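Observations on the model geometry
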Amino acid sequence: MRPATRDLARTVWTAVPPGPLVLVPIGSTEQHGPHLPLDTDSVIARAVAERAADALSAVPEGPPLVAPTMVYGASGEHAGFPGTVSIGHEALCSVIVESVRSLSLWAGRVVFVNGHGGNTVTLDTAVARLRAEGHDVAWTGCGVPGGDAHAGRTETSVMLHLAPRDVRMDAAVAGDTRPVSALMPDLVAHGVRAVSPTGVLGDPTGASAEEGRRAMELMVSLAVGRIAAGVADSRGRLVDPVDEGGDQPEGKGVR
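Quick caveat, the model's predicted, so the values are computed rather than measured.

Let's shift gears to the overall build of the protein chain. For the protein chain, the count of helices and strands is 7 helices and 6 strands. Listing each helix as α and each strand as β along the protein chain from the N terminus yields β-α-β-α-β-α-β-β-α-α-α-α-β. Computed over its C-alpha atoms, the radius of gyration of the protein chain comes to 18 Å, within 12% of the 18 Å expected for a compact globule of 255 residues. Projected onto the principal axes, the alpha-carbon positions of the protein chain cover approximately 50 × 45 × 35 Å. Every one of the 255 residues in the protein chain was classed for burial, and the buried ones make up 48%. Look at the contacts in the protein chain between residues 6 or more apart in sequence, and 78% of them connect residues 24 or more apart.

Right, dumping it as C-alpha cells:
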C-alpha cells in the first residue's frame, strides 16, 4: 500500500512539504462499451499517477503528492450513451486553470496525468495558458505504442489487471477496428455511437490481466521518464527523453 502521506486527500496540511511535485490524475466518466465501467479512464490515470509517484520518490522536490482524480472530462463524443457525464472543453479548461492557480500557492511543479484522449485539446489550451502565466505545470498521457482506440483489447487488459471485478468479459464484443486516423472524421462529425453502436472502438478479444500488467508497467515507465526529465513542448506536453540514437519513441494514448 502507498504511504498515506503521498495521497493529498489523506494528508493533513502540516504534513505537506514545501514546494512538492503534485501529480493530478485526470480521466472521464463515459461509456466504455457493455463490458467496462464508466470510470475506466479515471481508474487508469489514477493507477499510473500513484505508481509513478512511488517510482519518483528521489526527485529533487521529494516524494510526489497525488491529488484527487478529476473524474469528469470532455467526453462529448460519447454523449449518445447513458451514463456519460461530460463537462465540455470550456468548463474543463476553467477547472484545470483554477486548480493550478490554487496549487501554485504552495506546490512546486504540477503534472497532469491524463487517461482520456478527449481531454487532450483542453489540456493543451489550459496548460499553455498557465505556463504563459509563469506556472510550472505540464501534462503527460497514459498510453502504450500500438494501443487500440477505446474499450478494446488494450483498455480491457489494463482493467482486468487493475479492477477485474468491474470487467464483464461475458458482455465484451468487438466494435469498429479501423485505426483512429480513419475513424476520426466520423467521430468528430457524428460521435462514437454513429460509428459503433456498442461504443467499442477495437476488439477486446484476447484481453488478459497479464497483458494489462505489462501495458501498465510500460505506461508507468513512460510517464516516469517524462516527469523525471521535465522537458515539455510548447503546449506543455512532456516529451520522452531523447535516446542515444536521437529518436523519441511515441505512444498512443489509452482513451
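With that settled, the discussion passes to the nonpolar core. With 34 residues, the main nonpolar core has Leu23, Ile44, Val48, Cys142, Met216, Met219 and Ile227 as its most contacted residues. Of all the secondary-structure elements, those providing two or more residues to this core are α1 (40-55), β3 (110-114), α4 (153-162) and α7 (209-229). The contact partners of Leu23, leaving out residues within four places of it in the chain, are Ala49, Ala52, Ala53, Pro64, Leu65, Val66, Ala67, Val111 and Ile227. One finds Cys93, Val100, Phe112 and Val127 within the second-largest nonpolar core, a separate group that totals 23 residues.

Here the focus is the pairing of strand β4 (residues 137-141). Burial analysis of β4 places 4 of its 5 residues in the buried class, which makes it a mostly covered element. With 5 bridges joining them, β3 and β4 adopt parallel strand pairing. Within the sheet, the bridge partner assigned to Val113 lies in β4 and is Thr140.

Turning to the packing of aromatic side chains, a few remarks are in order. Applying the stated rule across the entire model yields 0 aromatic pairs. One Lys or Arg, Arg193, reaches over the ring of Phe81 and ends 4.8 Å from the middle of that ring.

Moving on, we come to the confidence of the model for the protein chain. Any region with low pLDDT has predicted coordinates that should not be read closely. On average, the protein chain scores 91 in pLDDT, and the residues at 70 or more come to 93%. A low-confidence stretch, residues 243-255 stays under pLDDT 50, and its non-local contacts, those more than four residues away or across chains, total 37 contacts.

This part is about the pattern of salt bridges. A full pass over the atoms with the stated rule returns 13 salt bridges. Between Glu98 and Arg101 there is a salt bridge; the shortest N-O distance is 2.7 Å. Of this pair, Glu98 and Arg101 both sit in helix α2 (residues 88-103), separated by 3 residues, roughly a single helical turn. On the basis of relative accessible area, Glu98 is assigned to the partly exposed category, the value being 45%. Ionic pairing is found between Glu133 and Arg101, a salt bridge with its closest N-O pair at 2.5 Å. Taken together, the residues Glu133 in the loop between α3 (120-132) and β4 and Arg101 in helix α2 connect sequence positions 32 residues apart. In this structure Arg101 comes out as partly exposed when scored by relative accessible area, which is 31%.

Before going further, it helps to examine unusual backbone geometry. Residue Ala151 is not a glycine yet carries a positive backbone phi of 65 degrees. If you trace the backbone, Ala151 turns up in the loop between β5 (143-144) and α4.

Moving on, we come to α2. Along its 16 residues, α2 runs 22 Å from first to last C-alpha, staying within 8% of the 22 Å computed at 1.5 Å per residue. Listed in full, the buried residues belonging to α2 are Leu92, Cys93, Ile96, Val97, Val100 and Leu103. Relative to the axis of α2, the buried residues are bounded by an arc of 135 degrees and lie together on one face. Summarising the contacts, the buried residues of α2 are in contact with β1 (22-26), β3, α3 and β4.

When you line up the elements, Val224 lands in helix α7. The class for Val224 is buried, based on a relative accessible area of 17%. Distance from Val224 to Ala128, taken between C-alpha atoms, is 21 Å for residues 96 residues apart in sequence. What Val224 contacts, discounting residues up to four positions off in sequence, is Ala52, Ala55 and Leu56.

Time to look at the side chain of Asp124. Relative to the assigned elements, Asp124 resides in helix α3. Accessibility expressed as a relative area gives 13% for Asp124, which makes it buried. The contacts of Asp124, once residues within four sequence positions are left out, are Trp139, Arg235 and Arg237.

Let's shift gears to the packing of α2 against α3. Their axes nearest at 9 Å, the elements α2 and α3 cross at an angle of 35 degrees. In the crossing of α2 with α3, the sense of the turn from one axis to the other is right-handed. Facing His89, Leu92, Cys93, Ile96, Val97, Val100 and Arg101 of α2, the residues of α3 in contact are Val121, Thr122, Leu123, Thr125, Ala126, Arg129 and Leu130.

Conventions we followed
Residues numbered from 1 in each chain as written. Predicted model: local features only at pLDDT ≥ 70, side-chain atom pairs only at ≥ 80, totals over all residues. Heavy atoms only, no water. Helix = DSSP H or I, 4+ residues; strand = E, 2+ residues; numbered from the N terminus. Rg over C-alpha atoms; globule rule 2.2 N^0.38 Å. Buried < 20%, exposed > 50% of the residue type's maximum accessible area, 1.4 Å probe, protein only. Contact = heavy atoms within 4.5 Å. Core = buried A, V, L, I, M, F, W, Y, C linked by side-chain atoms within 4.5 Å. Pairing = 2+ DSSP bridges. Phe/Tyr/Trp six-rings, centres within 6.5 Å; stacked < 30°, edge-to-face > 60°. Lys NZ or Arg CZ within 6 Å of the ring centre and 35° of its normal. pLDDT = per-residue confidence, 0-100. Salt bridge = Lys/Arg side-chain N within 4 Å of Asp/Glu carboxyl O. Expected span 1.5 Å × (residues − 1). Arc of directions from axis to C-beta. Axes fitted to C-alpha atoms, helices over the stretch in contact; angles between N-to-C directions. Left-handed = near helix turned anticlockwise from the far one by under 90°.

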